[in-house]
Amino acid sequence: MNICGLGVSGSYLFRRLTDLGFTVNAYDVKRPDYYIPCGYATNERKIEEYCKLAGMNFDDYVISRADDVIVAGDNFAEHTFKSLGLCTFDKNRFEHDMIKDLKIMKSMPNYSNGVSLDCSGISRALLGQSSDDYSMGAIEYLTDNAHHKSFYFNFYSKARGYFWEFPMGDRYHVGAGGLDQVENLRRIDSYHKILVTGRRIRLKPLFENMSKENILGIGEAIGCVSPITGEGIVPSLKSAELFIECAKTYDDIPMLFEKYGEKIRKEFGRYYGLHLLVKNLQEGKTMTINNIRFARTAMKEFREFGVNITAQAVLSHFIKPKRKK
Ligand SMILES: Cc1cc2nc3c(=O)[nH]c(=O)nc-3n(C[C@H](O)[C@H](O)[C@H](O)COP(=O)(O)OP(=O)(O)OC[C@H]3O[C@@H](n4cnc5c(N)ncnc54)[C@H](O)[C@@H]3O)c2cc1C
């Protein structure tokens, strides 16, 4: 088996598949000192399951745990919610340690041999671009000052993106992801920059385009990122684990791909509704029956990420925003 891309899903697959006895060639284009563009926020109650399977102790990587989480927006006042496990962790060291004893290839393997897993995230290096793709630009600073000491989310009006401050020990990740890169920059420009990073983030499921010949997509490559919260770490690990479940059972490639596809659609099918909710809100279609239905799913997404948001808050914040005074 070949793995293209050693981010969170590729590293996890490299570890788990090797431990299960598969022969794996893995390759990544990144430099050794690459600082991963990501908020590094996750739900420790969810990621622990995958850490155990990969022989990792997540506690060793936690940087800051959330107590309260502040959610605000252009059209609504700040609300404070309890954390359900939200934290930041050392994602660079985590990905490195997961595979530190394994041999990474120095050049590209022959991806036409056997099954090749496209774990290249936004790039879709093996699968190629999908005409129905949807992503937003994001920029992030590592900084030593922030306006909030807690985890902080601030949503732009009309679901055009959001801005965040996540504590990282005595530093912070401050970032902005949205449709307009000038606006993203404006939101974070006043912060002191220790390090600047960024990339586009895929916010739409591409489950109709998840395989091609002997190639199968995992993680963000196929849109396993919550369209509403931008959470992609645990969903990518989940998609990798779903592949492993299938790889243990099916040798035949078409059957393996089909069963994986079924599991992905079952697990992440809600992302279609959430993507539609975002599009509706961007187009000013707020009070639709579908939106109210998807609002429930949106609330669950926040809880998955580790924010104990209420249904009432989701409805008043996203579906029926109050006007600014
Ligand atoms: C600014 C930003 C902030 C985010 N914040 C959060 C957050 O706080 N919490 C959260 O849960 N999610 C967050 N996400 C989303 C999350 O980071 C990703 O969805 C998740 O890391 C995707 O994992 P992956 O393994 O699919 O891809 P990635 O982790 O993106 O890994 C892809 C890998 O493929 C490699 N690659 C690319 N092209 C090639 C090639 N041609 N050949 C070989 N290798 C290649 C890359 O170098 C990279 O290592 C954020 C995303 C962005 C952009």
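Because the structure is predicted, anything quoted here is derived from the model rather than measured.

A. The arrangement of unusual backbone geometry in detail. Unusually for a residue other than glycine, arginine 124 sits at a positive phi of about 45 degrees. Within the secondary structure, arginine 124 is located in the loop between strand S8 (116-118) and strand S9 (135-143). Positive phi, normally seen in glycine, also occurs at lysine 158, with a value near 55 degrees. By the secondary structure assignment, lysine 158 is in the loop between strand S10 (151-155) and strand S11 (161-168). The class of lysine 158 is partly exposed, set by a relative accessible area of 47%.

B. Geometry of the packing of helix H7 (residues 270-282) against helix H8 (residues 289-305). Running from N to C, H7 and H8 point in directions that differ by 115 degrees, and their axes come no closer than 9 Å. Regarding H7 and H8, the two cross each other, and that crossing is left-handed. Mapping the contact onto sequence places Arg270, Tyr271, Gly273, Leu274, Leu276, Leu277, Asn280 and Leu281 in H7 and Asn291, Phe294, Thr297, Ala298 and Glu301 in H8. Here the contact of H7 with H8 is composed, by residue class, of seven nonpolar, four polar and two charged.

C. A look at the side chain of serine 116. Looking at the secondary structure, you find serine 116 in strand S8. There is a polar contact of 3.0 Å between the side chain of serine 116 and the side chain of asparagine 2. Dropping the residues within four chain positions of it, serine 116 is found in contact with Asn2, Tyr111, Leu126, Asn214, Ile215 and Leu216.

D. How the structure looks around the layout of surface pockets. In this structure, the second largest pocket encloses a volume near 520 Å³. What lines the second largest pocket is a set of 20 residues, and nearest its centre among them are Lys30, Arg31, Pro32, His96 and Ile104. By residue class, the composition of the lining of the second largest pocket is nine nonpolar, three polar and eight charged.

E. Examining the environment of glutamate 78 more closely. Along the polypeptide, glutamate 78 turns up in strand S6 (residues 76-82). Residue classification places glutamate 78 among the partly exposed residues on the basis of a relative accessible area of 45%. When the C-alpha positions of glutamate 78 and aspartate 189 are compared, they lie 21 Å apart, and in sequence the two are 111 residues distant. One polar contact links glutamate 78 to histidine 148, side chain to side chain, over a distance of 3.3 Å.

F. Highlighting helix H4 (residues 181-188). All of the buried residues in H4 are Glu183, Asn184, Arg187 and Ile188. Taken around the axis of H4, the buried residues stretch over an arc of 125 degrees, which confines them to a single face. Seen from the buried face of H4, the exposed residues on the opposite side, beyond 90 degrees, are Val182 and Arg186. In the core, the buried residues of H4 are packed alongside S9, S10, S11 and strand S12 (171-178). Capping the start of H4, aspartate 180 holds a side-chain oxygen 2.9 Å from the backbone nitrogen of valine 182, two or three residues further along.

Calculation notes
Residues numbered from 1 in each chain as written. Predicted model: local features only at pLDDT ≥ 70, side-chain atom pairs only at ≥ 80, totals over all residues. Heavy atoms only, no water. Helix = DSSP H or I, 4+ residues; strand = E, 2+ residues; numbered from the N terminus. Buried < 20%, exposed > 50% of the residue type's maximum accessible area, 1.4 Å probe, protein only. Axes fitted to C-alpha atoms, helices over the stretch in contact; angles between N-to-C directions. Left-handed = near helix turned anticlockwise from the far one by under 90°. Contact = heavy atoms within 4.5 Å. Nonpolar A, V, L, I, M, F, W, Y, C, P; charged D, E, K, R; others polar. Polar contact = N/O pair within 3.5 Å; in protein donor to acceptor, adjacent residues only side chain to side chain. 1 Å grid on protein atoms, 1.4 Å probe; cavity = no way out; pocket = protein on both sides within 12 Å on 5 of 7 lines; lining within 4 Å. Points joined across faces, edges and corners; volume = space filled by probe spheres on them. Arc of directions from axis to C-beta.

Note that every value here comes from positions in space, so none of it alone points to a role or purpose.
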